[in-house]
There are 2 protein chains.
Amino acid sequence: MNLDTTREIDNSLSTTLQQRRQKLAELVDTPVILWSGESIGRNFPANRFPFRASSHFLYFAGLPLEKAAIRLEQGKLNLYLDDAPPEATLWHGKTPTREEIAAMIGADRAYPLVELVNHTANAATIAVQNYHTYQQQCQLLNRTLTPANAPTGIDLDLTKAIITLRLSHDRFALTELTKAAQVSIKAHQSGMKGTSQATTEAEVRGAMEGVIIAHNMSCAYGSIVTVHGEVLHNEQYLHSLQTGDLLLADVGAETPLGWAADITRTWAVSGKFSETQRDLYQVVLAAHDACIEKIRPGVEYRDIHLLAAQIIAEGLVNLGILKGNPDDLVAMDAHALFFPHGIGHLLGLDVHDMEDLGDLAGYDTERVRSDRFGLGYLRLDRPLRPGMLVTIEPGFYQVPAILNHPDFRHKYQKVVNWKRLEQFADVRGIRIEDDVLVTESGSEVLTAALPTKVEEIEALTS
Amino acid sequence: MNLDTTREIDNSLSTTLQQRRQKLAELVDTPVILWSGESIGRNFPANRFPFRASSHFLYFAGLPLEKAAIRLEQGKLNLYLDDAPPEATLWHGKTPTREEIAAMIGADRAYPLVELVNHTANAATIAVQNYHTYQQQCQLLNRTLTPANAPTGIDLDLTKAIITLRLSHDRFALTELTKAAQVSIKAHQSGMKGTSQATTEAEVRGAMEGVIIAHNMSCAYGSIVTVHGEVLHNEQYLHSLQTGDLLLADVGAETPLGWAADITRTWAVSGKFSETQRDLYQVVLAAHDACIEKIRPGVEYRDIHLLAAQIIAEGLVNLGILKGNPDDLVAMDAHALFFPHGIGHLLGLDVHDMEDLGDLAGYDTERVRSDRFGLGYLRLDRPLRPGMLVTIEPGFYQVPAILNHPDFRHKYQKVVNWKRLEQFADVRGIRIEDDVLVTESGSEVLTAALPTKVEEIEALTS
Ligand SMILES: [Mn+2]
Ligand SMILES: [Mn+2]
């Protein structure tokens, strides 16, 4: 565990965990066992990827304990964990004992792992990512688990209950999420500030991730730091930075306890947006601001997505890139030519929170993904409720694979002013992404301290 | 692949690969199939750890191709790899096709993966780390593979042949290893320079790893950056830096093609070593310098380890920490109280090169690990030969788990001046590690540009 358990964890953790399992007990009758998983060898067994505990385990166990399991029943917590062998002290230093950890997380009982086999009867669980641990789950529960995105029987009941809990963040989670947001903001500031000295995407990435590492956090996901923002999941950092380029950085930190942030900003390599870049940036920013403005309990997240589509369509009509009535353009998904992804997603212990469960968390009961080009990518389709944390991340991209696709070219031939579009060639990709908490009365932007306005971003980059 | 294949790779790669498989063909008659492996989900399937190809695959295929296999037979190379689906362009941009990659690596034939099943008869292989790929290996070869550290039959023959090749680095490998060393040097310089501004270990780590990231490299292993150097595999970064502390940093870069560096330096947080710190540092440095001086073809690496032990024992006698004749002290492993690890290891595609093969690569035929406290940790026991790259990393540590252990306390009661030792309480851990190439006539230190002398390190840190 890369966290100082004696210093960083106070009573609030065990109190929080107690509340969480109490709520779970109100929803689930069966005993529940959750496994943490284990680290995986990279190129040889002793050279391992950093350990990341299963998020469902983290939610109820609080700490990233490797090769551990917990059993929850009627609000009681059992911990199953082996003490490190005595010789481990030489290599890894003193680590807390099982009993010390049990005290930190408020466990009622603590056992060596070998005892778990005696406590598995009728237990529900969720299949973990780690294959070796998955095999242990199946063996100890004596049944073949379906994957986490297709649970059945008592596992499905458990999954639904956990979704209910994890959809609304408690105070402890919000404290962690705020820490992740604050460090991510510093990372972006460092990236903006470092751009004038940088010659490659990699150098800006180094300036950003260096800040995350310096705060003893990790990256919640593979950073995107690119002058080719139109490649939506670009995880290469090879391009040199040219005056006139926009740089898109989608970088977020994760706290040692596993809570994530997810921020995107787009700035000019030169420190100064061109007129065309500014024009399109303002369209994206208008969508961003209007979506955040609209967030409050009861609002359908899908409607927020459609609001973004509407504002982007209007903006592109005003700039002469799209032709026609914005309502009609959105109805025919013309906005999605330039905004081919959803307005955002849940955020929590996972950057796409609970995406291991497929759409079970993101989509309300009875809802499924749309076939529409302009809606199918939406990762979240639920009415908002207090305590939900979502991203708002509209964008504008010129994706060659879309804009040169014969089918799209044909379908949208008449509503796009292709000639006019050419004048915006210096905009390949813009995205503005913030993390927004749904509150009782509206919303709170956890990442608001990082500017979005062109002038402020220009001030930070030059 | 996070590398610009068109720009960074020139003919030297395909020429090199041709030479490597030609040499392999001289040692192995059977066809050989090597798998690259695949990336692994972290907390959910789409959020993956960075892909790291199997090192044996990388050695013969050159590029970090995910979900690929190669077949080597009589100097011919077949590539098995699927083209990315067309829709992948939207998310990941344009990626090179199978045929383009085949041309880059000089493959004789290229097939979709599904063809591999028709070309597996009588093929030897090495089991990969990745479990899912391991299952495919067993299935396609129609036999249960033993782990890479315990190969049998044709797989053992192949393993021995690959060890012979990988033990001596060719020019292409050395170019890569030198790049890794150069970036690692910059990372250490950044850490030294950043220490005066830093308040925690994590901040120094951020300053170091940020440089590695900025050069589009990754960390070859989990960095150690700590004021508690006596915890040998300390991968936490939580301690605050105190005036008077020594900081030990063991940080190395890996190039996009997979070649590693491994450097340790120890410096004073304040910029200035205390007298006791300087005294013990000079002992470790003397061992470091003498070991490097001794490296040349034909020398037994074990003797280099014993030379370090001797010099450390002598130095500690001179400082009044050990009592007696250095020869006798080494014979009774008294040096290992303070230097409880080997003098180093092989370095190449893996930071402990070929450690996936257990001791098959590190230990010469018929040799096994010693039972001796002062020798059992040695990872390499072979006569040196030209082209080998090894680390030299002597150290001095005050490990409570060793020094307070009743057995050691009893055995070494009379040869340690425990009272005197207390005066060196401000030295918890010192290590100095460089990467040394065995040349035809002696050695070349790839990491020599990073100073080791106290005065020079003090100049870099203040
Ligand atoms: Mn996002
Ligand atoms: Mn080493």
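Residues numbered from 1 in each chain as written. Chains lettered and ligands numbered in written order. Predicted model: local features only at pLDDT ≥ 70, side-chain atom pairs only at ≥ 80, totals over all residues. Heavy atoms only, no water.

Caption draft 1: Representation of the coordination of the manganese ion (ligand 2) in the model. Residues and elements named next belong to chain B. Protein coordination of the manganese ion (ligand 2) is provided by Asp262 (OD), His345 (NE2), Glu393 (OE) and Glu433 (OE), with donor distances spanning 2.0 to 2.4 Å. Sequence positions of the donors to the manganese ion (ligand 2) reduce to the motif D-x82-H-x47-E-x39-E. Residue glutamate 393 is found in the loop between strand E12 (389-392) and strand E13 (395-397), and its partner glutamate 433 is found in the loop between strand E14 (429-431) and strand E15 (434-438); the two are separated by 40 residues along the sequence. For the pair glutamate 393 and glutamate 433, one class covers both residues: buried. (Donors = N, O, S within 2.8 Å, 3.2 Å for Na, K, Ca; no water. Helix = DSSP H or I, 4+ residues; strand = E, 2+ residues; numbered from the N terminus. Buried < 20%, exposed > 50% of the residue type's maximum accessible area, 1.4 Å probe, protein only.)

Caption draft 2: Region of interest: the UniProt feature "domain: Aminopeptidase P N-terminal" (unreviewed entry) in chain A. On the UniProt side, "domain: Aminopeptidase P N-terminal" (unreviewed entry) is annotated at positions that read residues 12-137 of chain A here. Secondary structure over residues 12-137 of chain A splits into 34% helix and 18% strand, and the C-alpha atoms at its two ends are 30 Å apart. (UniProt positions renumbered as here; feature names shortened; annotations may be inferred.)

Caption draft 3: Here's a closer look at the domain arrangement of chain A. Residues and elements named next belong to chain A. The domain boundaries assigned to chain A delineate domain 1 (3-166) and domain 2 (171-461). Counting from both sides, the interface comprises 22 residues of domain 1 and, opposite them, 18 residues of domain 2. Of the roughly 1,700 Å² buried where domain 1 meets domain 2, counting both sides, 62% is carbon and sulfur surface. Of all residues in domain 1, Arg52, Ile163 and Arg166 bury the most surface against domain 2, accounting for 31% of the area lost on that side. Linking domain 1 with domain 2 are 3 salt bridges, by the criterion used here. Across the pair glutamate 254 and arginine 52 runs a salt bridge, and its minimum N-O distance is 2.8 Å. In this assembly, domain 1 and domain 2 are joined by 8 residue pairs in polar contact (both at pLDDT 80 or more). Here the residues of the side of domain 1 that touches domain 2 are counted per class, giving 11 nonpolar, 8 polar and 3 charged. (Domains from an automatic or database assignment. Contact = heavy atoms within 4.5 Å. Buried area = accessible area lost by both parts, 1.4 Å probe. Salt bridge = Lys/Arg side-chain N within 4 Å of Asp/Glu carboxyl O. Polar contact = N/O pair within 3.5 Å; in protein donor to acceptor, adjacent residues only side chain to side chain. Nonpolar A, V, L, I, M, F, W, Y, C, P; charged D, E, K, R; others polar.)

Caption draft 4: How the structure looks around the sheet that holds strand E9 (residues 246-251) of chain A. Residues and elements named next belong to chain A. In spatial order, the strands read E8-E9-E11; together these 3 strands make up an open sheet with antiparallel pairing. Of all strands in the sheet, those with a lone pairing partner are strand E8 (224-226) and strand E11 (263-268), marking the two edges. Taking each pair of neighbouring strands and ignoring which way they run, the sheet shows an average axis angle of 15 degrees. Bridge count between E8 and E9: 3 bridges; the pairing is antiparallel. Pairing of threonine 226 across the sheet is with leucine 248, part of E9. (Pairing = 2+ DSSP bridges. Axes fitted to C-alpha atoms, helices over the stretch in contact; angles between N-to-C directions.)

Caption draft 5: Geometry of the interface of chain A and chain B. Contact with chain A, which involves 63 residues of that partner, is made by 63 residues of chain B. When chain A packs against chain B, close to 4,900 Å² is buried across both sides, 60% of that on carbon and sulfur atoms. Connecting chain A to chain B are 2 salt bridges. Between arginine 42 of chain B and glutamate 254 of chain A there is a salt bridge, and its shortest N-O distance comes to 2.9 Å. Here chain A is connected to chain B by 8 residue pairs in polar contact (both at pLDDT 80 or more). Considering every element that reaches the side of chain A that touches chain B, the biggest residue donor is helix H9 (residues 201-214) of chain A, with 8 residues. Residue classes in the side of chain A that touches chain B are distributed as 28 nonpolar, 21 polar and 14 charged.

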